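Chains, contacts and geometry: an overview
The lines below spell out each chain.
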Amino acid sequence: MRTIIVLAGTALLVTACGKGDSGPVKRQPGSWSQKIEIVEFAAPGVRPEQKQQMQQMMNMMAGVSVCITPALAAQENPERNLTAMGGSQDNCKVIDKKFSGGKIAFTANCSQAGKNVKLTADGTSSATEQNIKMTVESVGTQNDGSKLVMNVSAKREGGCKPGEFTPPVPKPAATPAAKS
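Residues numbered from 1 in each chain as written. Predicted model: local features only at pLDDT ≥ 70, side-chain atom pairs only at ≥ 80, totals over all residues. Heavy atoms only, no water.

1. Some remarks on the overall build of the protein
Inclusion rule: We count a stretch as a helix when DSSP gives it H or I for four or more residues in a row; a strand needs E for two or more, and each element gets its number in order from the N terminus. Each residue is placed in one exposure class: buried if its accessible area under a 1.4 Å probe, protein chains only, is under 20% of its type's maximum, exposed if it is over 50%, and partly exposed if it falls in between. By the convention used here, residues are in contact when the closest approach between their heavy atoms is within 4.5 Å. Here the accessible surface of atoms and residues is derived via Shrake-Rupley with a 1.4 Å probe, and residues count as covered only by protein chains that are part of the display.
Scanning the protein for helices and strands turns up four helices and nine strands. Put simply, the protein runs from its N terminus to its C terminus through helices and strands in the order α-β-β-β-α-β-α-α-β-β-β-β-β. For the protein, with 180 residues in total, the buried portion stands at 35%. For the protein, the share of sequence-separated contacts (at least 6 apart) that also reach a separation of at least 24 residues comes to 60%. Summing over all exposed atoms, the protein offers an accessible surface of approximately 10,000 Å²; the carbon and sulfur share of this is 54%.

Shown next as structure tokens:
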């Protein structure tokens, strides 16, 4: 179950921006809020009150708005985010992806702590709003029936406000050294 929660959090970061017909559509800088609705939460031994606790945790996360600076918006790159999702051990493999015409969709197979997990996302994304359904489920020989389905929506709420969380701007990817 912990694996599913960690990968779901990672997936939320991946879906931070979409891609248009002519390239990536960057989020507009400003204050962004999100709402996360848990549609389904199942794992061995999970009781109904645990789903309610999980929803409360997601509601607390949704209560935090994020300031997307112009520098951060300029650096957003869904392709890079999908690649980075596997971390330094490269434990996630994207098997299908589509970022076009305001649509965002991808499927990835990930392995973490000996568990295999399938992550899917499907929805819409624009410069000011996103609506994505995400599913994280246990698969393979270690399949324990764990599954998390969420509806994630995010919306630009205007300019940044004092005290908002401001994520750091990622460092640009290193370029190969030129040969002399």
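So that's the structure; there's more coming.
2. Points about the confidence of the model for the protein
Low pLDDT means the predicted atomic positions in that stretch should not be read closely. Convention followed: Confidence scores labelled pLDDT are given residue by residue by the predictor and lie between 0 and 100.
Looking at the protein as a whole, the pLDDT averages 77, with 73% of positions reaching at least 70. Below pLDDT 50 for its whole length, residues 1-7 participates in 21 contacts with residues either more than four positions away or in separate chains. Between residues 9-22, whose pLDDT stays under 50, and residues either more than four places distant or in other chains, the model counts 46 contacts.

3. A short note on the nonpolar core
Using the following cut-off: The set of buried Ala, Val, Leu, Ile, Met, Phe, Trp, Tyr and Cys residues whose side-chain atoms join them within 4.5 Å is what this entry labels a nonpolar core.
Core analysis: the biggest nonpolar cluster contains 17 residues, and I38, M54, M58, M134, L148 and M150 have the highest contact counts within it. Counting residues in each nonpolar core, the second largest holds five residues, with W32, I68, L72 and A154 among its members.

4. Quick word on helix α2 (residues 48-62)
Along an α-helix, residues three or four apart share an orientation, since each turn contains 3.6 residues. This is how it is decided: What a helix should span is 1.5 Å times the count of its residues minus one. The arc refers to the directions leading from the helix axis to the C-beta atoms.
Here α2 is 15 residues long and its end C-alpha atoms lie 21 Å apart, about the 21 Å a rise of 1.5 Å per residue gives. All of the buried residues along α2 are M54, Q55, M58 and A62. Across the axial projection of α2, the buried residues extend over an arc of 100°, all falling on one side. For α2, exposure combined with an orientation more than 90 degrees from the buried face picks out Q52, Q53, Q56 and M60.

5. So, the pairing of strand β5 (residues 92-100)
Rules: Two strands make a pair as long as DSSP finds a minimum of two bridges between them.
Alignment of β5 against strand β6 (residues 103-112), held across eight bridges, turns out to be antiparallel. Along β6, the bridge assignment pairs S100 with K103. Count of turn residues in the β5/β6 antiparallel hairpin: two residues, of which G101 carries a positive phi of about 55°.

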